[in-house]
Each structure stands twice: as structure tokens, then as C-alpha cells.
Amino acid sequence: MYGRATTLYPHTLEMLDQLDLLEELNQIGYIGRTSVTYKDGKRVTSRGWHVMFERMNGTFLDYCLNIQQKYSEEVIQGAYKQLGGVPYVEWKLEEYAVDQDSASGIINKAPSSGMISAGWRGPDALVYAPGSRLPTRLFHRTKNCGQWSIIVFAGQPIVTHNVLAPAVERLQEIAKTLPANMNRFLTLVAQSAAEGDLMFKLPKIGNVYYDQDRAAHSAYSSISTMNGAVVVLRPDGILGHAAPLSDLDGVASFPKGFTQIDA
């Protein structure tokens, strides 16, 4: 088993990055963005791999990581031990069952805004913190630490203000009904970071980031900067629900399927 080499693909790399494991793994493994195959001393079409590399889009981690399994296990187990965990070796899953009749297992709800389906990975994008000349990845602002991420796509505040202000107030009320630290909120504004002085008049919840080239709004299936939306990401980065700023009833009812809501 220790001689086995494994190939990790972009979506897996994104999940490892969320858990602060990727940097160490990248230092150990071999990174590949293309491949070459030879047969009888001649270069030939590479067994379908070229198609895979051509389709690595929609991510900032557009490569494969080849690494021996023993090294990836050591990195993951080491990080787990640092958190106080005790790895169980040579255990296996015998069976599992899903309770189809229970409403408590609902963690996705069909979105009413945007065109990304619930259950699909939320896209990544570059955004700017107030005062920063360097962008940060949206994935780094929604790291997997067990919290749900509720992102307010504020659009252009000068246009969306009339719906943005009551939406933020509604989200603040929703937050009071949820368990402490269950969610984190972010507000993404479709304007330049240079217009930061407008932030004092901006209805917002959580930290504010500037989507100055509209990349984040566009990545979430073209959320209109004239209307805005609210997106709910599960802790694993999968889209759970989305709704327009003008109708947040779905956002309010969504957590009732899997958590206890205070009256």
C-alpha cells in the first residue's frame, strides 16, 4: 500500500486548501499541468489525459498533484494529531443507512436566485479587503472550520440600496435565531476598493469585501449587480441555497431542516 501513488485533482486540492493541508502536500508531491505519453520511442496521444487537463477551469488550483500515499497520510494524520485527534488505522466502513423519511437531513434547498444548483460547489473568485491592493480568494474567506457562510452579494449599492438595507436587517434578525457561531456573514460589494469611503453608508453584515471586477457576482451564475442576492454555503463549500435580496423567506426557513431554531 505504501508504494501506491495517488493523483489529487483540483476539487480535492481545494478541500485540502480549506483545511490548511495543501501547502505542505505541494512541497512533497509532483505538480502537473500536462502530460506526455511515449510508445515504442514515439510520442503518442496521451491516453485521454489531455482532455482532463483541458477541462481544469473554474479554479485557481488548475493542476494535479501526484504524491505517494504514505506521504499524504503522514501529513493528514499529523494535522489531525495536532488537533488532539487519535487516528484509527485499518478500520473500514461496513455499512450505512440514510433515513429518507426524516426532514432533519435536508442540507440543500433549490435556489431562487442565480443558476448554480444546490449541491454544487460554490465558485471561487478574487475579492479585495478594504484598503488592500492585493486580492484574496473568496475560498480563503469561507474556510471550512465548521461554519456555514452566508454571503450577501450587494451588487452596486447605489442601485440596490432600497432592497439591500431591509435585507441586511432581515439577516440580522435571522442570525439572532441561530446557534452562536453557526454562521459567518460576508458582504460583497460590486465596486472598486478605491470607493471605500462609501462603506460608512453601506448596509452590511459581517466583513465587507470588494468585487471590483464583478468576478464573484459573475461566477455565481451571473448574479445581477443591479439586484443582488444572498448565497448560503455549507461548511464544505457546497451551495446550500440562494435567494434574491428582495425575498429572504427561503433563507429564514432553510436552517429549520437541520438545526433547532430559537423562537
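Residues numbered from 1 in each chain as written. Predicted model: local features only at pLDDT ≥ 70, side-chain atom pairs only at ≥ 80, totals over all residues. Heavy atoms only, no water.

S.K.: Explain the nonpolar core residue by residue, including any values.
M.R.: In summary, soluble globular proteins display a tendency toward joint burial of nonpolar side chains. Counting 26 residues, the largest nonpolar core has Val152, Leu164, Leu171, Val230, Leu248 and Val251 as its most contacted members. Breaking this core down by element, the ones donating at least two residues are β8 (148-155), α6 (157-177), β9 (183-189), β10 (207-210) and β11 (229-233). The greatest single-element share of this core, amounting to 5 residues, is contributed by α6. Once residues lying within four places of it in the same chain are set aside, the contact partners of Val230 are Ile150, Ile151, Val152, Leu171, His241, Ala242, Ala243, Leu245, Leu248 and Val251. (Core = buried A, V, L, I, M, F, W, Y, C linked by side-chain atoms within 4.5 Å. Buried < 20%, exposed > 50% of the residue type's maximum accessible area, 1.4 Å probe, protein only. Helix = DSSP H or I, 4+ residues; strand = E, 2+ residues; numbered from the N terminus. Contact = heavy atoms within 4.5 Å.)

S.K.: Could you give an account of the sheet that holds strand β5 (residues 64-68), naming the residues involved and the relevant values?
M.R.: On the basis of which strands lie adjacent, the open sheet formed by 3 strands has the order β1-β5-β2 and antiparallel pairing. Every interior strand has two partners, whereas the edge strands, β1 (5-8) and β2 (30-32), have only one. Adjacent strand axes in the sheet meet at a mean angle of 25°, parallel and antiparallel pairs treated alike. As defined by bridge partners, β2 adjoins β5 across 3 bridges and the pair is classed as antiparallel. Bridge pairing in β5 links Ile31 to Leu65. Along the sheet face, helix α4 (residues 69-82) touches β1 and β5 and points at about 95° away from the line of β5. (Pairing = 2+ DSSP bridges. Axes fitted to C-alpha atoms, helices over the stretch in contact; angles between N-to-C directions.)

S.K.: I'd like a description of the pairing of β9, backed by residues and values.
M.R.: The element β9 is extensively covered by neighbouring structure, given that 7 of its 7 residues are classed as buried. Neither face of β9 is left uncovered, since the one carrying Asn183, Phe185, Thr187 and Val189 and the one carrying Arg184, Leu186 and Leu188 both have all their residues buried. Sheet analysis places β8 next to β9, joined by 7 bridges and oriented parallel. Each residue of the ladder has a partner; that of Trp148, found in β9, is Asn183.

S.K.: If you had to explain the pattern of salt bridges to someone new, which residues and values would you point to?
M.R.: Within this structure, the stated rule accounts for 8 salt bridges. Between Arg170 and Asp249 there is a salt bridge, with the nearest N and O atoms lying 3.1 Å from each other. Taken together, the residues span a long stretch of sequence, with Arg170 in helix α6 and Asp249 in helix α8 (residues 249-253) at a distance of 79 residues. When its relative accessible area of 33% is taken as the criterion, Arg170 is described as partly exposed. One continuous salt-bridge network, built from bridges that share partners, spans Asp17, Asp124 and Arg137. (Salt bridge = Lys/Arg side-chain N within 4 Å of Asp/Glu carboxyl O.)

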